[in-house]
Amino acid sequence: MLGYIIQRLIQSGFVMLAMSALVFVGVYAIGNPIDVLISPDATQDIREATIRHYGLDQPLWQQYLAFLGRLLQGDLGRSFVLNIPVLQLVLSRLPATLELALASVLIGAFVGIPLGIYAGYRPESPVSKTIMAVSVLGFSVPTFWVGLILILTFAVNLDWLPAGDRGETVEIFGVGWSFLTWDGLRFLALPALNLCLFKLAMLIRLSRAGTREIMLSDTVKFARAAGLSDFTILRRHVLRLISIPLVTVFGLEFGSTLAFAVVTETIFSWPGVGKLIIDSITSLDRPVMVGYLILVAFLFVTINLVVDLTYALLDPRLRRGRRV
Amino acid sequence: MSKALLQVRDLRTHFETRAGTIKAVDGISFTLERGEILGLVGESGSGKSVTGFSLIGLLDAPGRIAGGSVLFDRQELVGLSQSEMRKLRGKRIAMIFQDPAATLNPVLTIGQQMAMAVQAHGGGGDGAALALAARSLSRVGIPDAAARLNAYPHEFSGGMRQRVAIAIALLHEPELIIADEPTTALDVSIQAQILAEMKMLAQGSGTALIWISHDLAIVSSLADRVIVLYLGRIVEYGPVRDVLRAPLHPYTRGLLDSLPALAAPGQKLMQIPGSTPSPLNVPPGCPFAPRCSHATELCRSEPPGVGDERHGAFCHHPLNASGGPNA
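A. Inspection of the overall build of chain B at higher detail. When its secondary structure is counted, chain B shows twelve helices and eleven strands. Since a compact globule built from 327 residues should have a radius of gyration of about 20 Å, the 21 Å found for chain B is in line with a globular shape. Counting only residues that meet the buried cut, chain B has 51% of its 327 residues in that class. Within chain B, counting contacts between residues at least 6 apart in sequence, those at least 24 apart form 65% of the total. Counting every atom, chain B has about 13900 Å² of accessible surface; 53% of that belongs to carbon and sulfur. Put simply, chain B has 29 plus and 29 minus side-chain charges, and the middle of one group is 1 Å from the middle of the other.

B. Molecular detail of empty space enclosed by the protein. Overall, the coordinates contain four cavities of 30 Å³ or more when judged by the stated rule. What the largest cavity holds in volume is close to 70 Å³. In terms of lining, the largest cavity is formed by Thr219, Phe222, Ala223, Ala226, Leu228 and His237 of chain A together with Thr103, Gln113, Met116, Ala117 and Ile168 of chain B. Among the elements of the structure, helix H9 (218–225) of chain A together with helix H4 (110–119) of chain B are those that each provide at least two residues to the lining of the largest cavity. Here the residues of the lining of the largest cavity sort into seven nonpolar, four polar and no charged.

C. Spotlight on the packing of aromatic side chains. With the rule as written, the count across this model stands at eleven aromatic pairs over all chains. Clustering of aromatic rings is evident, with ring pairs tying together Phe24, Tyr64 and Phe67 of chain A. One Lys or Arg, Arg148 of chain B, reaches over the ring of Phe156 of chain B and ends 4.3 Å from the middle of that ring.

D. A look at the sheet that holds strand S1 (residues 6–17) of chain B. All names here are of chain B. One open sheet accounts for four strands, arranged S2-S1-S4-S5; its pairing is antiparallel. Only two strands of the sheet have a single partner each, and these edge strands are strand S2 (20–32) and strand S5 (75–76). Here strand S4 (residues 63–72) pairs with S5 via two bridges, running antiparallel. Within S5, the residue paired with Phe72 across the bridge is Gln75. Across the sheet, helix H1 (residues 48–56) lies against S1, S2 and S4, angled at about 110° from S1, the strand it touches most.

E. A look at the environment of Gln113 of chain B. Note that Gln113 of chain B resides in helix H4. Along the chain, Gln113 of chain B and Ile168 of chain B lie 55 residues apart, while their C-alpha atoms are 8.5 Å from each other. Excluding its chain neighbours within four sequence positions, the residues that come into contact with Gln113 of chain B are His237 of chain A together with Leu104, Asn105, Leu108 and Pro153 of chain B.

F. Expanded view of the domain arrangement of chain A. Residue and element names in this part refer to chain A. Its domain assignment divides chain A into domain 1 (2–72) and domain 2 (86–318). The C-alpha-based centres of domain 1 and domain 2 are spaced at 33 Å. Across the interface of domain 1 and domain 2, roughly 1600 Å² is buried in total on both sides, 81% from carbon and sulfur atoms. Contact with domain 2 buries surface across domain 1, with Tyr4, Met16 and Val27 losing the most and accounting together for 31% of the total.

G. Region of the structure containing the layout of surface pockets. Here the largest pocket defines a volume of roughly 960 Å³. Lining the largest pocket are 32 residues, with Arg224 of chain A together with Leu59, Asp60, Ala61 and Gln82 of chain B sitting closest to its centre. Sorting the residues of the lining of the largest pocket by element identifies helix H5 (86–121), helix H8 (182–215) and H9 of chain A together with H1, S4 and helix H2 (82–88) of chain B as the ones contributing at least two each. A per-element tally of the lining of the largest pocket places H2 of chain B first, with four residues. The residue makeup of the lining of the largest pocket, split by class, is 16 nonpolar, seven polar and nine charged.

H. Highlighting the packing of helix H10 (residues 230–260) of chain A against helix H13 (residues 286–314) of chain A. Residue and element names in this part refer to chain A. H13 packs onto H10 with a crossing angle of 170° between their chain directions and a minimal axis gap of 9 Å. Here H10 lies roughly antiparallel to H13, going by the angle between them. Packed against H10, whose contacting residues are Arg240, Ser243, Ile244, Val247, Thr248, Gly251, Leu252, Phe254, Gly255, Ser256, Leu258 and Ala259, the element H13 presents Tyr292, Val296, Leu299, Phe300, Ile303, Asn304, Val307, Thr310, Tyr311, Leu313 and Leu314 at the interface. In terms of residue class, the contact of H10 with H13 is built from 15 nonpolar, seven polar and one charged.

I. Broad picture of the pattern of salt bridges. Residues and elements named next belong to chain B. Using the criterion set out here, one finds 23 salt bridges over all chains in the structure. The salt bridge involving Glu43 is made with Arg291; its shortest N-O contact spans 3.6 Å. Of this pair, Glu43 sits in the loop between strand S3 (37–41) and H1 while Arg291 is found in the loop between helix H11 (250–257) and helix H12 (297–301), placing the two residues 248 residues apart along the sequence. Under the relative-accessibility criterion, Glu43 is labelled partly exposed at 23%.

Cut-offs and rules
Residues numbered from 1 in each chain as written. Chains lettered and ligands numbered in written order. Predicted model: local features only at pLDDT ≥ 70, side-chain atom pairs only at ≥ 80, totals over all residues. Heavy atoms only, no water. Helix = DSSP H or I, 4+ residues; strand = E, 2+ residues; numbered from the N terminus. Rg over C-alpha atoms; globule rule 2.2 N^0.38 Å. Buried < 20%, exposed > 50% of the residue type's maximum accessible area, 1.4 Å probe, protein only. Contact = heavy atoms within 4.5 Å. Areas by Shrake-Rupley, 256 points an atom, 1.4 Å probe, with all protein chains shown as cover. Lys, Arg positive; Asp, Glu negative; His and termini not counted. Charge placed at Lys NZ, Arg CZ, Asp CG, Glu CD. 1 Å grid on protein atoms, 1.4 Å probe; cavity = no way out; pocket = protein on both sides within 12 Å on 5 of 7 lines; lining within 4 Å. Points joined across faces, edges and corners; volume = space filled by probe spheres on them. Nonpolar A, V, L, I, M, F, W, Y, C, P; charged D, E, K, R; others polar. Phe/Tyr/Trp six-rings, centres within 6.5 Å; stacked < 30°, edge-to-face > 60°. Lys NZ or Arg CZ within 6 Å of the ring centre and 35° of its normal. Pairing = 2+ DSSP bridges. Axes fitted to C-alpha atoms, helices over the stretch in contact; angles between N-to-C directions. Domains from an automatic or database assignment. Buried area = accessible area lost by both parts, 1.4 Å probe. Parallel < 35°, antiparallel > 145°, perpendicular 65-115°, else oblique. Salt bridge = Lys/Arg side-chain N within 4 Å of Asp/Glu carboxyl O.

In structure tokens:
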């Protein structure tokens, strides 16, 4: 088990290295940041001094190595536009996105998985057919449209829930969280609901497919022959057996929601990282773009690592250093 | 008759498919006494497994019992509700399957799975359930049973896994165990061990056993009586010695001739000509007639009746005791 973890950590290191090179070269290719940094009518001297100051006169590989050196010390550079450290900037926005993403994947899981298991257990019942029809909607209706309809219905017409910003927050570890106050929860409700629909639909379909397959297996037949009730079979046998694909999708969805909740954050003016990256792209704020992408890559690698370790928890056959 | 443990009368199990109705079990009758071992023999598609699943009420859709009666300890099982049936399953009627690698849940420990089976019928707290599980494991010859409860199925060998499955079936000391080819997936040496132990366990606890197999040789070493199935119907039944020594039905004769264990060394193995017809299109008379060398016009038009109570064959022209005229 320990060997497995070490192996995975080394792999993660390589992924991060590859990702940093890709991001650096990719953003380098966008254009010259000097045009953004200084006014067009600055003198040649100032121009050259600025280029030297940022090391832009050096070859690409030297710039990359310097960037990598700073990265390893936790220095992601300073925002060109706001002139504050990128790390601080991203971390100040991350909690908002983190709780939004977590809320949406958790709703998706706790609602979607039971519904999907039921739909797989009784595929012919009208309730299951309704569940499946609704899940098709979850897949196919665009997020921005659902967001607007939610605002129109619950915020404008019914006036039950607020439609923008975060509301009251509580400070923990120096950052604000809104899920700990009633007011914050009210602000969280609509964007989380909006974001969760796709995940809900996906988890419903995945758990339904898994359940249908497992229900026909000899494991379930044998459990039935031992006199187990269907509820026990679903809860103890089926849920465990379908959990590996569910955990995979849960992890991937959590990661991509963290990184790309842009549309929902924009519609609900949620002050998260999605809005930050859009702003930094429009202003060509290179350090913020690079730093953000590196952090996103790091988040993905971490989530994947956690997912892999969860596999080992869920399936004893993976624990003995054997690979799938 | 009245004290028979199981009394099956004219059992019919049908599968409604798009192509038509498949009569997987087409009018089977037999009785089983307490503690008796009955072999149910037939090729793939003969309806032997479906018979087993019909008895325990675990037919997959679209299968359903279309007619007949199953009296278990004088209780009618056909038409019993799922929850009533569930109370019997595992408690009084247990079932063992062919492939223990597929029946045991790979992600739960043996102890968890056995505790679930105990608690499905009351069984009290986890401690009591695990103690019962450990006792059952040692009964089937698993050493260091209490410690092995924490092991997962993949940590056992194939034979040991099947022993675990048997231990689960034995947990509540059922009156009837239906064993669906439980040794087919095992090595021959392990097979022999398990057969011997099953026989001992059944005799020791007075459990009746229905042993479903395609292998007459296995059944002959284990069973008291045997029933040979073909296309969902009984073709021959009787005490295992009589059926093996003097088969009455040409199909049984064919099965015996194709057994390597019973053939003389160097002699070519016989095989039954032709193949099993589609269950959608069962011949009108004797189902075996198209493949039978003795078949006459009568066989092709009229379903055969049966002769003797003890050992009989559904055949218009049963073979005489002196041997098979197949040559």
